[in-house]
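Coordinate analysis (summary)
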Amino acid sequence: MSLAAEPALVLFSGGQDSATCLAWALARFARVETIGFDYGQRHRVELDCRPQLRAAMAGLDAAWADRLGEDHVLELATLGRISDTALTREAAITMTEAGLPSTFVPGRNLLFFTYAAALAYRRGIRHLVGGMCETDYSGYPDCRDDTLKALQATLSLGMDRRVTIHTPLMWRDKAATWRLAEALGGAALVEAIVEQSMSCYRGDRGRRHAWGYGCGDCPACALRAAGWKGYRGT
Ligand code: ZN
């Protein structure tokens, strides 16, 4: 079976990175399913954006609409209970003593990929796609290429089936991620991601900037704004 004939499962949070990953997968795989996690994020806006973003992307291309399969949302409330961080509690977003933003949920991506791999196994899918990136997020140890390569090996051994973790954004900064979206789906995809995706840690959908919705001053908004500026060259 060629790569194109196989199905893939995309970790789809509803943010810019996972939307770009979904487009990347839709351009490559015969069927693409999505998975999201509800772990008690202190805002639900990102989760709420997911269906509209999926619909907007399917509306851009008949082949993409054909390939886009089921969406799965898994409850991970336990993760929220054990994570004392700014994403799951009403706390200020600051830098911790470990040099990580207080939004960091320890081991989150390890859990996400493990759940995704278990679901994928049951659905006959061996390709997992995630928007992790070392370029902008050097502080997050579970976004590192080495971490995810080790996890790929662990999952393949532990499930006795080849699991491949694709991270198309690993070596791209945010400006390059916008350029990838443009290459995959043109200006229409860029516009859909600007309008429908949410990256803001505060889940603020009340303010619209050139780069989309967000509070404008949390670390995720700052990164997205800087990436947009780099992409547009302004
Ligand atoms: Zn924000």
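Formed by 65 residues in total, the largest nonpolar core has its most connected members in Leu9, Leu11, Leu22, Met57, Phe113 and Leu128. When residues in this core are grouped by element, the largest group, eight residues, is from helix α7 (residues 174-196). Residues within four places of Met57 in sequence aside, it is in contact with Ala19, Leu22, Ala23, Leu26, Trp64 and Leu189.

Scanning all chains against the criterion turns up 11 salt bridges. The shortest N-O distance in the salt bridge between Arg31 and Glu33 comes to 3.0 Å. Taking relative accessible area as the criterion, Glu33 reaches 2% and is therefore assigned buried. One network of salt bridges, with partners in common, ties together Arg31, Glu33, Glu70 and Arg123.

Bringing unusual backbone geometry into the picture now. The backbone of Asp160 shows a phi angle near 50°, a positive value even though the residue is not glycine. Topologically, Asp160 is positioned in the loop between α6 (145-159) and β5 (164-166). Judged by its relative accessible area of 72%, Asp160 falls in the exposed class.

Before going further, it helps to examine the pairing of strand β1 (residues 7-11). Counted residue by residue, β1 has five buried out of five residues, so it is predominantly covered. Residues Pro7, Leu9 and Leu11 line one face of β1 and the alternating positions Ala8 and Val10 line the opposite face, and both faces are buried. With five bridges joining them, β1 and strand β2 (residues 31-38) adopt parallel strand pairing. Across the sheet, Leu11 pairs through a bridge with Ile35, a residue of β2. Once the chain exits β1 it traverses helix α1 (residues 16-26) before rejoining the sheet at β2, and the crossover so formed is right-handed. Of the pairings in the sheet, the one linking β1 to strand β4 (residues 127-129) comprises three bridges and is parallel in character. Note that in β4 the partner of Ala8 across the bridge is His127.

As a further point, take the coordination of the zinc ion. Angles at a metal have ideal values that depend on geometry: 109.5 degrees with four tetrahedral donors, 90 or 180 degrees with six octahedral donors. With distances of 2.3 to 2.4 Å, the protein atoms coordinating the zinc ion are Cys200 (SG), Cys215 (SG), Cys218 (SG) and Cys221 (SG). Metal-centred angles of 105 to 116° between the four donor atoms at the zinc ion mark the site as tetrahedral. Donor residues for the zinc ion sit on one chain with the sequence pattern C-x14-C-x2-C-x2-C. The class for Cys215 is buried, based on a relative accessible area of 7%.

About the cut-offs
- Residues numbered from 1 in each chain as written.
- Predicted model: local features only at pLDDT ≥ 70, side-chain atom pairs only at ≥ 80, totals over all residues.
- Heavy atoms only, no water.
- Core = buried A, V, L, I, M, F, W, Y, C linked by side-chain atoms within 4.5 Å.
- Buried < 20%, exposed > 50% of the residue type's maximum accessible area, 1.4 Å probe, protein only.
- Helix = DSSP H or I, 4+ residues; strand = E, 2+ residues; numbered from the N terminus.
- Contact = heavy atoms within 4.5 Å.
- Salt bridge = Lys/Arg side-chain N within 4 Å of Asp/Glu carboxyl O.
- Pairing = 2+ DSSP bridges.
- Right-handed = clockwise from strand over helix to strand, strands pointing away.
- Donors = N, O, S within 2.8 Å, 3.2 Å for Na, K, Ca; no water.
- Tetrahedral: all angles 85-135°; square planar, octahedral: opposite > 155°, others 65-115°.

Note that every value here comes from positions in space, so none of it alone points to a role or purpose.
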